[in-house]
Amino acid sequence: MTTATDIDRKSLTEYLLRLGDTSLILGHRLSEWCGHGPVLEEDIAMSNIALDLIGQARLLYTYAGTVEGEGRDEDDFAFKRDVTDWKNLLLAEQPNGDFAATMVRQFLIDCFNVELYTSLSKSTDTELAAIAAKSLKEVTYHRRHSGEWIIRMGDGTDESHRRVQRALDDHWIFVDELFETDALDAAIVAAGIGPDLKSLRPAWDSMVDRVLAEATLTRPQTDFPRSGGRTGSHSEYLGFILSDLQFMQRAYPGMEW
Amino acid sequence: MSDLRDKKGYENWDEAGVARFEALLAAEEKVEPRDWMPDGYRKLLVRQISQHAHSEVVGMLPEGNWLTRAPTLKRKAVLLAKIQDEAGHALYLYSACETLGTTRDETIEALHDGRAKYSSIFNYPTLTWADIGAIGWLVDGAAIVNQVMLCRCSYGPYARAMERICKEESFHQRQGYEIVTKLAQGTPEQKKMAQEALNRWWWPSLMMFGPHDSESTHGNQSTEWKIKRRSNDDLRQHFVDMTVPQAEILGLTVPDPDLKWNEERGHYDFGPIDWDEFKRVLKGGGPVGRERLNARRKAWEDGAWVREAALAHAEKRRARRQAAAAE
Ligand SMILES: [Fe+2]
Ligand SMILES: [Fe+2]
Ligand SMILES: [Fe+2]
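Residues numbered from 1 in each chain as written. Chains lettered and ligands numbered in written order. Predicted model: local features only at pLDDT ≥ 70, side-chain atom pairs only at ≥ 80, totals over all residues. Heavy atoms only, no water.

### A word on the coordination of the iron ion (ligand 2)
Residue and element names in this part refer to chain B.
In step 1: For the iron ion (ligand 2), the full set of protein donor atoms is Glu 56 (OE), Glu 86 (OE), His 89 (ND1) and Glu 169 (OE), at a range of 2.0 to 2.2 Å.
In step 2: If you look at the iron ion (ligand 2), its 4 donor atoms make angles of 85 to 145 degrees with each other, and the shape they trace is irregular.
In step 3: All donors of the iron ion (ligand 2) belong to a single chain; written as a sequence motif, their spacing is E-x29-E-x2-H-x79-E.
In step 4: A distance of 3.5 Å spans the gap from the iron ion (ligand 2) to the iron ion (ligand 3), which Glu 86 bridges by coordinating each metal. In this pair, His 89 sits in helix H4 (residues 73-98) while Glu 169 sits in helix H7 (residues 156-184), placing the two residues 80 residues apart along the sequence. (Donors = N, O, S within 2.8 Å, 3.2 Å for Na, K, Ca; no water. Tetrahedral: all angles 85-135°; square planar, octahedral: opposite > 155°, others 65-115°. Helix = DSSP H or I, 4+ residues; strand = E, 2+ residues; numbered from the N terminus.)

Here's what the structure looks like:
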């Protein structure tokens, strides 16, 4: 099934969890909007995107469980790890804030996901390639949705312009982390499983710049970028997400639902 | 037919219109938006369809409570898809309302300023995961009984919206029953959770069918106009007969000491409904009535700048395109 024999199981599992965790946490955040959106069509759209992301996480976790070979399933990964074992991007766990903050967070990750999954769909790991190909269709739609909203808000009213510019400024500190690499990434690249994340930046930049230009927004600068999510150094927010996410499994351990 | 002229609801009398309207009803054909219809018929439909639409929207809240706490990823996804369906139902229904000449914004404002109602059931809280099962099983179950009837309603757009909605509601009902089944077959803690949810949701579900036929204010007119095809009590009885055996299969006890099979009637007899509670909850006096309406108002008010931005951008684009075309 997989041709990735030249990488150890532990590394590949870890890599899959990095991907799955970002999808699940972002999907979880979006699901918090359900019933509270600015207009019904957006309740539907955000639920739809959340469903795609949660679906991606489930596929990635299930595959991670197979690779790891220790009998863990999707729910073990989601409900039985504490904060420092989570590997999602910091950007994904940021609070929803207003609709501008949610769409900016989404857009920055969507642009990254399109490049990432384009590349992963050509992975030498055929299972991951299949998951990526399916995900690519979804994230392409997500990027169109969030990108259109960035433009609408940037080019809408004074208030919407101000809000979306502020959201952009607030979230820009988390951008560098998307393209950060470590020894695990190097092993993944060497095995032909995934791309060098740094190589995704030019395409990401040009997509983001194109949308910001149409939205009449200013690309922010940042002196103090944040990072650490992929290796378990999270913001305080993640613990609160987990206390909701994991409540049932923690309060009623070992039961079937 | 001329005696109709003085009848309430027919103030916009039109000889040919009335004849055609009455003929459509008699032939079990659908009344369409372009057809003449009595003012009262239009008003009754707007009232009922908007109330139905608002129920779909407000109904997203009690279930949305548990999206972030669903016990497995699969349950989380299924619940999210279910609530997304309910938002879709609201859209169909607001559109059906628009065919009668009221915009979605007007309809929504009537909810927010308290002129329009929604189903009293959503003014009860979801306290445990079992409530999500109970809502699917009982609340969607009761909704289906009502909505299957409405598929035969005389107003075309409403009947067609109901047909689309019914298919999805029966999914929801099965999913809810499946959640409760899992609990009922589970540990003692899970069984307790399931029983308590049934205790909480049983009577409010029976109230969903509205007052007794003898008390119902809009019943007769609605039946004459073939909007309502079965009476409240008839629908409620159908629901009880359908649901009690489902509870028995699960080993759960319906919280009604008077409940027993009546061989002679071929139906279950059941105890008296607390109509004081019903009236109080319908008026917003339920355990979380104020919270529900405030949550909807807040979403609407917080979203105002977003809707304005979308309109402003669309207008700017239109103007730019026009300017480009003029060059
Ligand atoms: Fe999708
Ligand atoms: Fe519905
Ligand atoms: Fe439903």
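### A few points about helix H1 (residues 9-31) of chain A
In step 1: Here H1 of chain A contains 23 residues, and its C-alpha end-to-end distance of 32 Å stays within 8% of the 33 Å for a straight helix at 1.5 Å per residue.
In step 2: Counting buried residues along H1 of chain A, 20 of its 23 residues qualify, which places the element largely inside the surrounding structure. (Expected span 1.5 Å × (residues − 1). Buried < 20%, exposed > 50% of the residue type's maximum accessible area, 1.4 Å probe, protein only.)

### Description of the coordination of the iron ion (ligand 3)
All names here are of chain B.
In step 1: In this structure, Glu 86 (OE), Asp 140 (OD), Glu 169 (OE) and His 172 (ND1) serve as the protein donors to the iron ion (ligand 3), at separations of 1.9 to 2.2 Å.
In step 2: Between the 4 donor atoms coordinating the iron ion (ligand 3), the angles at the centre fall across 89 to 153 degrees, so the site counts as irregular.
In step 3: Counting the intervening residues between successive donors of the iron ion (ligand 3) yields the motif E-x53-D-x28-E-x2-H.
In step 4: The buried category is assigned to Glu 169, whose relative accessible area is 2%.

### Quick look at the environment of Ser 216 of chain B
All names here are of chain B.
In step 1: Tracing the sequence through the fold places Ser 216 in the loop between helix H8 (188-207) and helix H9 (219-224).
In step 2: For the pair formed by Ser 216 and Ser 231, sequence separation is 15 residues and the distance between their alpha carbons is 9.3 Å.
In step 3: Excluding anything up to four places from it in sequence, Ser 216 contacts Pro 211 and Asn 232. (Contact = heavy atoms within 4.5 Å.)

### Structural notes on the layout of surface pockets
In step 1: Put simply, the second largest pocket is a space of about 350 Å³.
In step 2: Residue lining of the second largest pocket: 16 residues in total, with Asp 75, Glu 256 and Trp 257 of chain A together with Thr 72 and Lys 182 of chain B positioned closest to the centre.
In step 3: Of all the secondary structure elements, the ones that give two or more residues to the lining of the second largest pocket are helix H3 (74-79) of chain A together with H4 and H7 of chain B.
In step 4: Of the residues that constitute the lining of the second largest pocket, the class distribution is 3 nonpolar, 4 polar and 9 charged. (1 Å grid on protein atoms, 1.4 Å probe; cavity = no way out; pocket = protein on both sides within 12 Å on 5 of 7 lines; lining within 4 Å. Points joined across faces, edges and corners; volume = space filled by probe spheres on them. Nonpolar A, V, L, I, M, F, W, Y, C, P; charged D, E, K, R; others polar.)

### Here we look at the interface of chain A and chain B
In step 1: Listed per partner, the contact involves 47 residues of chain A and 47 residues of chain B.
In step 2: Where chain A abuts chain B, roughly 4100 Å² becomes buried across the two surfaces, and 69% of that area is made up of carbon and sulfur atoms.
In step 3: Where chain A touches chain B, the interface holds 3 salt bridges.
In step 4: Close ionic contact of Arg 320 of chain B with Asp 155 of chain A constitutes a salt bridge, the shortest N to O distance being 3.0 Å.
In step 5: Counting across the chain A and chain B interface gives 14 residue pairs in polar contact (both at pLDDT 80 or more).
In step 6: Contributions of two or more residues to the side of chain A that touches chain B are made by H1, helix H2 (40-68), H3, helix H5 (99-120), helix H6 (126-154), helix H7 (158-171), helix H11 (237-245) and helix H12 (247-251) of chain A.
In step 7: The residue makeup of the side of chain A that touches chain B, split by class, is 23 nonpolar, 11 polar and 13 charged. (Buried area = accessible area lost by both parts, 1.4 Å probe. Salt bridge = Lys/Arg side-chain N within 4 Å of Asp/Glu carboxyl O. Polar contact = N/O pair within 3.5 Å; in protein donor to acceptor, adjacent residues only side chain to side chain.)

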